[in-house]
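# Geometric and topological summary
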Protein chains: 2
Amino acid sequence: MITLVHYPLSVASRFTRLILGECEIVPELVEEKFWERREEFLMLNPAGTLPVLFENEGAPICGAWAVSEYLDETHGFALAERRLLPPNAEQRGEIRRLTEWFLVKFEEDVTGYIVEEKVVKRQRARSNNGSSAPDSRLLRAARLNIRTHLAYIDHILEQRNWLAGDRISYADLAAAAALSVADYLNEVPWEEAGEAKVWYMRLKSRPTFRPLLADQLFGMRPPEHYADLDF
Amino acid sequence: MITLVHYPLSVASRFTRLILGECEIVPELVEEKFWERREEFLMLNPAGTLPVLFENEGAPICGAWAVSEYLDETHGFALAERRLLPPNAEQRGEIRRLTEWFLVKFEEDVTGYIVEEKVVKRQRARSNNGSSAPDSRLLRAARLNIRTHLAYIDHILEQRNWLAGDRISYADLAAAAALSVADYLNEVPWEEAGEAKVWYMRLKSRPTFRPLLADQLFGMRPPEHYADLDF
């Protein structure tokens, strides 16, 4: 039995849910509002980051790096040819580079800003009657940055079928998780995307993506195209 | 033959140099002033992060996550009992959690500020005659934050011999790399550290630490205790 402490609009959490899906594991999901920094949660993971994974009675595995490597080591081999972090060392290097790109750089450039400004501020305001007005300068920065990322995905897909090569890998799942968070908040300029849009539709059509498309945040609906497989 | 693109005061670069040292690999070091974001360097690693590692004619392996896992996969097993990321999955989870802590959280809280304010600003000023005055508020924040990290190391070492358990691991190398950067810039309040100081002295005495203690930045000497094994 696997338990995953997650938040629906956390990129690293979604990345992990996609890995679990590809491994055909249905986790028990426990939602954590990470920005509240609850003492109980910090006891589990002092860094306060998501996701945190437990398998059976095991110790908590904290953060996307540790969790994704753990899942490869404990469940990845069972995927055989479909392994998401295949055994070739150089290939693994390229997959990890891109995974880090979308979990860290995309987060710093795009999702960090939009989730904070559009979601966290609103949630905080609801609990303490404060202001929930997003900082428009930060949203503008995020909107500029996401274009560079979409262009980078387009650029990679000119040479490759999937982001890190011929097969789907952690790199695709991390990138799709990142874009899906931005898309839920209607912040992906799809009209400017080329190959990236086709590639994202392929990912979105996978059965493993369905639970993400069904996510509903209290009081915040995604745009209509969000769950549309043929947008 | 391994080539490592690094910067002497980059925590992730030092972490990698320590791993290579423990593996008894002497890399060819190529210094990169990462803040210059040279086009040639961004061609190698579009994220612009350090380190970047090449083995023989292989593709570049970019960033601390990919590089450290690569070195474990290609050279770690040769260390047998001394493997820095030993084969037990839960143990690996704990090592990766702490490694990420010191490479990411410590960097955000401490070394990111002090390296930018004390080193990068000065280097930039030298090339364009600008101001090199460090922002004292940011240095104050870093000085406050490092105390929390030292206390966390002390806390862990109350229960364990090394950070992630009974043996030295990537977690210790990442933490020592982080502290050694702060120490070069005389920003570790050693007089307030307890077990953390004893543990750091043990690491500093290892032969693999010597090249780091011999680093000399142009125009910036470390404090006298920096290379002293018995400080």
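Here the structure is a predicted model, which means the values were calculated and not measured.

The helix and strand inventory of chain A stands at eight helices and four strands. For chain A, the succession of helices and strands along the chain, N to C, is β-α-β-α-β-β-α-α-α-α-α-α. Per-residue burial over chain A gives 56% buried out of 231 residues. Counting only contacts in chain A whose residues sit at least 6 apart along the sequence, the fraction spanning at least 24 positions is 68%. Between the mean site of the 28 positive side-chain charges and the mean site of the 36 negative ones, chain A shows a separation of 4 Å.

Residue and element names in this part refer to chain A. Spatial ordering of the open sheet is given by 2-1-3-4, a layout of four strands whose pairing is mixed. What marks the edges here is a single partner per strand, and that holds for strand 2 (28-31) and strand 4 (61-62). Bridge analysis of strand 3 (residues 52-55) against strand 4 gives two bridges, and the strand direction is antiparallel. Looking at the pairing, Val 52 lines up with Cys 62 of strand 4.

Our focus in this paragraph is the relation of the copies chain A and chain B. Aligned on chain B, chain A shows an RMSD of 0.0 Å; the corresponding rotation is 180° and the shift along the axis is 0.0 Å. These values place the two chain copies in the arrangement generated by a two-fold rotation axis. If distances are taken from each C-alpha of chain A to the rotation axis, the shortest is found for Trp65(A), at 3.8 Å. Taken as a fraction of all interface residues of chain A, those also at the interface in chain B reach 100%, which identifies the copy contact as same-surface.

What follows concerns the side chain of Thr111(B). Turning to its location among the elements, Thr111(B) is positioned in helix 4 (residues 89-128). Those residues in contact with Thr111(B), other than ones at most four positions away along the chain, are Val11(B), Phe106(B), Glu116(B), Ala178(B), Val181(B) and Ala182(B).

Counting residues at the interface gives 28 residues for chain A, matched by 28 residues for chain B. For the pairing of chain A and chain B, the buried interface totals around 2300 Å² over both sides, and the portion due to carbon and sulfur atoms is 66%. Summed over the three residues of chain A that lose the most area to chain B, namely Trp65(A), Glu90(A) and Arg96(A), the buried surface amounts to 30% of that side. Counting across the chain A and chain B interface gives four salt bridges. Here chain A is connected to chain B by eight residue pairs in polar contact (both at pLDDT 80 or more). At the level of secondary structure, the elements contributing two or more residues to the side of chain A that touches chain B comprise strand 4, helix 3 (63-75) and helix 4 (89-128) of chain A. For the side of chain A that touches chain B, the element with the highest residue contribution is helix 4 of chain A, accounting for eleven residues. Broken down by class, the residue content of the side of chain A that touches chain B amounts to 13 nonpolar, seven polar and eight charged.

All names here are of chain A. Domain annotation of chain A identifies domain 1 (2-82) and domain 2 (89-206). Computed over C-alpha atoms only, the centres of domain 1 and domain 2 are separated by 19 Å. Counting residues at the interface gives 19 residues for domain 1 and 23 residues for domain 2. Of the roughly 1800 Å² buried where domain 1 meets domain 2, counting both sides, 65% is carbon and sulfur surface. Between Glu 22 and Arg 206 there is a salt bridge, with its nearest N and O atoms 2.8 Å apart. Taken together, domain 1 and domain 2 are joined by eight residue pairs in polar contact (both at pLDDT 80 or more). With seven residues, helix 1 (residues 11-22) is the single largest residue contributor to the side of domain 1 that touches domain 2.

Next up on the list: the environment of Ile19(B). Tracing the sequence through the fold places Ile19(B) in helix 1 (residues 11-22). Contacts of Ile19(B), omitting those with residues within four sequence positions, involve Ser68(B), Leu71(B), Leu84(B), Tyr170(B) and Leu173(B).

Quick look at the pairing of strand 2 (residues 28-31) of chain B now. Relative to strand 2 of chain B, strand 1 (residues 2-6) of chain B runs parallel, the two sharing four bridges. Across the sheet, Leu4(B) pairs through a bridge with Leu29(B), a residue of strand 2 of chain B.

What follows deals with a negative patch on the surface. Among the surface-exposed residues, Glu107(A), Glu108(A), Glu107(B) and Glu108(B) lie close enough to one another that they form a single negatively charged patch. For the negative patch, the secondary-structure elements that each account for two or more residues are helix 4 of chain A together with helix 4 of chain B.

Attention shifts here to the UniProt feature "domain: GST C-terminal" (unreviewed entry) in chain A. Under the present numbering, the feature "domain: GST C-terminal" (unreviewed entry) in UniProt falls on residues 88-223 of chain A. Taken as a whole, residues 88-223 of chain A contains 68% helix and 0% strand, while its terminal C-alpha atoms sit 40 Å from one another.

Turning our attention to the sheet that holds strand 2 of chain B. Residue and element names in this part refer to chain B. Strand order in this open sheet of four strands is 2-1-3-4, and the pairing throughout is mixed. Strand pairing shows two members of the sheet lacking a second neighbour, strand 2 and strand 4 (61-62), which therefore form its edges. Lying over the sheet, helix 1 contacts strand 1, strand 2 and strand 3 (52-55), oriented at roughly 155° with respect to strand 1.

On to the environment of Ser169(A). Residues and elements named next belong to chain A. Within the secondary structure layout, Ser 169 lies in the loop between helix 5 (136-157) and helix 6 (170-184). Residue classification places Ser 169 among the buried residues on the basis of a relative accessible area of 3%. Along the backbone, Ser 169 and Leu 98 are 71 residues apart, and their C-alpha atoms lie at a distance of 10.0 Å. Those residues within four positions of Ser 169 in sequence are excluded, and the remaining contacts are Leu 84, Ile 95 and Ala 164.

Before going further, it helps to examine helix 4 of chain B. Residues and elements named next belong to chain B. Taking 1.5 Å per residue as the helical rise, helix 4 with its 40 residues ought to reach 58 Å, whereas the 50 Å between its terminal C-alpha atoms falls clearly short. Where helix 4 bends most, at Glu 107, the angle is about 75°. For helix 4, the side-chain oxygen to backbone nitrogen distance between the N-cap and Glu 90 is 3.0 Å, and the N-cap itself is Asn 88. A positive backbone phi angle near 55° is found at Asn 129, which sits one or two residues after helix 4.

Reading the values: the criteria
- Residues numbered from 1 in each chain as written.
- Chains lettered and ligands numbered in written order.
- Predicted model: local features only at pLDDT ≥ 70, side-chain atom pairs only at ≥ 80, totals over all residues.
- Heavy atoms only, no water.
- Helix = DSSP H or I, 4+ residues; strand = E, 2+ residues; numbered from the N terminus.
- Buried < 20%, exposed > 50% of the residue type's maximum accessible area, 1.4 Å probe, protein only.
- Contact = heavy atoms within 4.5 Å.
- Lys, Arg positive; Asp, Glu negative; His and termini not counted.
- Charge placed at Lys NZ, Arg CZ, Asp CG, Glu CD.
- Pairing = 2+ DSSP bridges.
- Least-squares fit on C-alpha atoms with pLDDT ≥ 70 in both.
- Buried area = accessible area lost by both parts, 1.4 Å probe.
- Salt bridge = Lys/Arg side-chain N within 4 Å of Asp/Glu carboxyl O.
- Polar contact = N/O pair within 3.5 Å; in protein donor to acceptor, adjacent residues only side chain to side chain.
- Nonpolar A, V, L, I, M, F, W, Y, C, P; charged D, E, K, R; others polar.
- Domains from an automatic or database assignment.
- Patch = residues over 30% accessible without salt bridge, like charges linked within 9 Å, V, L, I, M, F, W, Y side chains within 5 Å.
- Areas by Shrake-Rupley, 256 points an atom, 1.4 Å probe, with all protein chains shown as cover.
- UniProt positions renumbered as here; feature names shortened; annotations may be inferred.
- Axes fitted to C-alpha atoms, helices over the stretch in contact; angles between N-to-C directions.
- Expected span 1.5 Å × (residues − 1).
- Bend = angle between axes of the 7 residues up to and from the residue.

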